[in-house]
Amino acid sequence: MVTLTMGPVFVLVALCVAGVFSDEATDVWASRQRRIKAEPNPNPNPGDKKPGKFSGRIVGGTVVKDPIKYLLSLRDGGNHICGASIIAAKYALSAAHCQSPPSDFDRLTLLGGTTQRSDDANGIVFQVDNVVTHARFDPRTYANDIAILRVTKSFLEDSRLAMIPLAPATYKLKVNSVASVSGWGLTGPEANLAPTLLTVRIPITSMSNCVAQWNPVRIAKTAICAGQPGRDSCNGDSGGPLVQDGVQIGLVSWGADQCGSAYPGIYTYVANKAMIAFIEENVKA
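Residues numbered from 1 in each chain as written. Predicted model: local features only at pLDDT ≥ 70, side-chain atom pairs only at ≥ 80, totals over all residues. Heavy atoms only, no water.

Enquirer: Would you mind showing me how to read the pairing of strand β5 (residues 79-88) here?
Expert: The two faces of a sheet get side chains in turn, since along a regular strand they alternate between them. Of all 10 residues in β5, nine are buried; the element is thus mostly enclosed. Between strand β4 (residues 71-76) and the antiparallel strand that follows it, β5, lie two residues; Gly 77 among them carries a positive phi value of about 65°. Relative to strand β6 (residues 91-94), β5 runs antiparallel, the two sharing three bridges. When the sheet's bridge partners are listed, Ala 88 is paired in β6 with Tyr 91. Taking the residues between adjacent antiparallel strands as the criterion, β5 and β6 are bridged by two residues. (Buried < 20%, exposed > 50% of the residue type's maximum accessible area, 1.4 Å probe, protein only. Helix = DSSP H or I, 4+ residues; strand = E, 2+ residues; numbered from the N terminus. Pairing = 2+ DSSP bridges.)

Enquirer: Explanation requested: the packing of aromatic side chains in the structure shown.
Expert: The relation between two aromatic rings is expressed through the spacing of the ring centres and the mutual angle of the planes. Per the counting criterion, the structure on display carries four aromatic pairs. Where Trp 214 meets Trp 254, the ring centres are 4.9 Å apart and the plane angle is 70°; that geometry is what we call edge-to-face. Remark: Trp 254 occurs in strand β14 (residues 247-254) and Trp 214 occurs in helix α2 (residues 207-214); sequence separation between them is 40 residues. Take Trp 214: its relative accessible area is 0%, and that puts it in the buried class. A network of ring pairs unites the aromatic residues Trp 214, Trp 254 and Tyr 263 as a single cluster. Taking NZ or CZ as reference, Lys 153 lies 5.3 Å from the ring centre of Phe 126, over its face. (Phe/Tyr/Trp six-rings, centres within 6.5 Å; stacked < 30°, edge-to-face > 60°. Lys NZ or Arg CZ within 6 Å of the ring centre and 35° of its normal.)

Enquirer: Would you explain the pattern of salt bridges in this entry?
Expert: Pairs may arise between side chains of opposite charge once their charged atoms sit close together. Scanning the entire structure with this criterion turns up four salt bridges. Across the pair Arg 150 and Asp 129 runs a salt bridge, and its minimum N-O distance is 2.9 Å. Residue Arg 150 is found in strand β9 (residues 147-151), and its partner Asp 129 is found in strand β8 (residues 124-133); the two are separated by 21 residues along the sequence. Arg 150 gets classed as partly exposed once you look at its relative accessible area, which sits at 31%. (Salt bridge = Lys/Arg side-chain N within 4 Å of Asp/Glu carboxyl O.)

Enquirer: What's the story with the state of the cysteines in this structure? I'm lost.
Expert: The bond known as a disulfide is covalent and runs between the sulfur atoms of two cysteines. Following the criterion strictly, the structure yields two disulfides and no others. Across the disulfide from Cys 82 sits Cys 98; the S-S distance is 2.2 Å. Judged by the sign of its S-S torsion, about -95°, the cystine formed by Cys 82 and Cys 98 is left-handed. With Cys 82 in strand β5 and Cys 98 in the loop between β6 and β7 (108-112), this pair connects stretches of sequence that are 16 residues apart. Here Cys 82 matches Cys 98 in class, with each residue buried. The side chain of Cys 210 participates in a disulfide bridge whose partner is Cys 225; the two sulfur atoms lie 2.1 Å from each other. The chirality of the disulfide connecting Cys 210 with Cys 225 is left-handed, given an S-S dihedral of about -80°. Taken together, the residues Cys 210 in helix α2 and Cys 225 in strand β12 (residues 223-226) connect sequence positions 15 residues apart. For Cys 210, a relative accessible area of 0% puts it in the buried group. (Disulfide = S-S within 2.5 Å.)

Enquirer: Is there a simple way to think about the environment of Val 125 in this case?
Expert: Mapped onto the elements of the fold, Val 125 is located in strand β8. C-alpha separation for the pair Val 125 and Gly 78, spaced 47 residues apart in sequence, amounts to 9.6 Å.

Enquirer: Sorry if this is basic, but what is going on with unusual backbone geometry here?
Expert: Most of the time, phi is negative for any residue but glycine, and the peptide bond is trans. Following Ser 100, the chain continues into Pro 101 via a peptide bond in cis, with omega recorded as 10°. In this fold, Pro 101 is placed in the loop between β6 and β7. Between Asn 215 and the following residue, Pro 216, the backbone shows a cis peptide bond with an omega angle of 15°. Looking at the secondary structure, you find Pro 216 in the loop between α2 and β12.

Enquirer: Just checking my understanding: could you explain the nonpolar core for this structure?
Expert: As a rule of thumb, nonpolar side chains are buried together in soluble globular proteins. In this structure, Leu 74, Leu 93, Leu 110 and Phe 155 are the most contacted members of the largest nonpolar core, which totals 38 residues. If you list the elements that add at least two residues to this core, you get β4, β5, β6, β7, β8, β9 and α3 (273-282). The element that contributes the greatest number of residues to this core is β5, accounting for six residues. Residue-level mapping places this core at the junction of two domains, with at least three residues from each of domain 1 (53-62 + 165-271) and domain 2 (69-163 + 275-282). Grouped together as the second largest cluster of nonpolar side chains are 16 residues, Val 200, Ile 224, Ile 249 and Ala 271 included. (Core = buried A, V, L, I, M, F, W, Y, C linked by side-chain atoms within 4.5 Å. Domains from an automatic or database assignment.)

Enquirer: Could you clarify how one ought to interpret the sheet that holds β4 in this entry?
Expert: As a general point, the strands of a sheet are linked pairwise by backbone hydrogen bonds and lie either parallel or antiparallel. Taken together, the six strands give a closed barrel; going around it, the order is β4-β5-β6-β9-β8-β7, and neighbouring strands pair in antiparallel fashion. Strand-to-strand, the axes of this sheet are offset by a mean angle of 45°, without reference to chain direction. By the bridge criterion, six bridges tie β4 to β5 in an arrangement that is antiparallel. Within β5, the residue paired with Leu 72 across the bridge is Ala 84. Most of the contacts of α3 go to β9, to which it runs at about 20°, and overall it touches β5, β6, β8 and β9. (Axes fitted to C-alpha atoms, helices over the stretch in contact; angles between N-to-C directions. Contact = heavy atoms within 4.5 Å.)

The following block contains the structure:
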């Protein structure tokens, strides 16, 4: 059983970014970051590995040289808060908790077409004019952690951007198969968010092992698990796409505060029938 020093609850992990941004930017960013504070299992299985030292965002990843056409930075007041992905001409996909608390629409933008987090001159900025979070998003379990963002002009008018296909309900998810996740999250404790896009390849974890590892914390039925010690997503990557075989299979939801530990990261599974229904209901041609 995993021992949680602060109990089976979601906690804000903001200490590692204190002093990095202006007070406003820190508040905006930290209010959307949720990781569980966890300790090593006191009765591990023989094959269990000790959680690794927190080494920061896109743990174990590499720098991305060219922009990922479907990947976006979700921003509040020009400050990166989460990742997102292009799924239709005027629609992007992200995590519900990235808009909990919600932003004013006039402050909310999406940045694409660049590997740089803070240099808007190298990318394209889109104004968000509507956000729909799943009506049954549960901040206790992070079930239904998904949101749709609509922008005022088409992403597809620029050749630097493109949609990512979403995995269908018939998608065959295989344990130990490899997927990739990318983002601008933390680069280390007491460090900045990554200035340049990073990516990492991680294995899909079986739900049974994930549930056992995280017990007593509940894993939602709308989630899948992925990662391994030293390879993980982290604070600042929330909402970003988990991609396999050219389709988006998930999006970053939550995980352990010590990113890259033995605890698998938790991702909303976009091929879940309830998630597909939500997307189809809220994405218009």
